[in-house]
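For reference, the chains in residue letters:
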Amino acid sequence: MSLERLNPAELSPPTGFSHAVVAVGSRLVFLAGQTALDGDGEVVGTTLPEQFRTATTNLLTALAAAGGTPGDLARVTVYATDVAEYRLRARELGSIWRELAGRDYPAMAVIGVVRLWDEQALVELDGFAVLD
């Protein structure tokens, strides 16, 4: 599997994402939306960074179960109930992402939503990966 991250000079320099990812491989893994649910199905954490850490860990756990690693992520979508808060904490959230997933960023988007399935959830991540 190979992922080529493209960031054309004509576009604004990306911070915490890649503009495009070209993926070549033989196995696609589609990852369901993950929030800050613990093993008992309860939302843990009351702050956006706490929930972001757990949701990211959950996403990476699902990916690992399929045989993937963070470097295999081609696309991640972040759904946030408060985009202004997400922007305010972007540096801290980026640090959490790098700690858990590294610096090879997938193509990413942040989308504001009114609420998520679990009312206490502040953030949800889904995505797909390309494996050999």
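Residues numbered from 1 in each chain as written. Predicted model: local features only at pLDDT ≥ 70, side-chain atom pairs only at ≥ 80, totals over all residues. Heavy atoms only, no water.

S.K.: Outline the overall build of the protein chain, supporting the account with residue identities and numerical values.
M.R.: Tallying secondary structure elements over the protein chain gives three helices and six strands in all. Of the regular secondary structure in the protein chain, the N- to C-terminal order runs β-β-β-α-β-α-α-β-β. Here the C-alpha atoms of the protein chain give a radius of gyration of 14 Å, agreeing with the 14 Å that 2.2 N^0.38 yields for 132 residues. Principal-axis analysis of the C-alpha atoms places the extent of the protein chain at approximately 35 × 35 × 25 Å. Expressed as a percentage of its 132 residues, the buried residues of the protein chain come to 35%. Summarising the internal contacts of the protein chain: among those between residues at least 6 apart in sequence, 75% fall at separations of at least 24. Across the protein chain, the 10 positively charged side chains and the 17 negatively charged ones have centroids separated by 7 Å. (Helix = DSSP H or I, 4+ residues; strand = E, 2+ residues; numbered from the N terminus. Rg over C-alpha atoms; globule rule 2.2 N^0.38 Å. Buried < 20%, exposed > 50% of the residue type's maximum accessible area, 1.4 Å probe, protein only. Contact = heavy atoms within 4.5 Å. Lys, Arg positive; Asp, Glu negative; His and termini not counted. Charge placed at Lys NZ, Arg CZ, Asp CG, Glu CD.)

S.K.: Explain the side chain of Ser18 to me, using residue names and the numbers behind them.
M.R.: Looking at the element boundaries, Ser18 is found in the loop between strand E1 (2–6) and strand E2 (20–24). Given the relative accessible area of 5%, Ser18 is considered buried. A polar atom in the side chain of Ser18 sits 2.9 Å from the backbone oxygen of Tyr105. In this structure Ser18 touches Arg5, Asn7, Tyr105, Pro106, Ala107 and Met108, once residues within four positions along its chain are discounted. (Polar contact = N/O pair within 3.5 Å; in protein donor to acceptor, adjacent residues only side chain to side chain.)

S.K.: Kindly report on the environment of Leu59, identifying the contributing residues and their values.
M.R.: Position of Leu59 among the secondary structure elements: in helix H1 (residues 48–65). For the pair Leu59 and Thr35, spaced 24 residues apart in sequence, the C-alpha to C-alpha distance is 8.4 Å. Here Leu59 is in contact with Leu31, Ala32, Gln34, Val76, Leu125, Asp126 and Gly127, once residues within four sequence places are set aside.

S.K.: Describe the nonpolar core, listing the residues and the values that go with them.
M.R.: Core analysis: the biggest nonpolar cluster contains 24 residues, and Phe52, Leu73, Val76, Trp97 and Leu125 have the highest contact counts within it. Those elements that place two or more of their residues in this core are strand E3 (27–34), H1, strand E4 (73–80), helix H3 (90–101) and strand E6 (123–131). Sort the elements by how many residues they give to this core and H1 lands first, with six residues. Apart from the residues within four sequence positions on either side, Val76 is in contact with Leu59, Trp97, Pro106, Ala107, Met108, Ala109, Leu125, Asp126 and Gly127. (Core = buried A, V, L, I, M, F, W, Y, C linked by side-chain atoms within 4.5 Å.)

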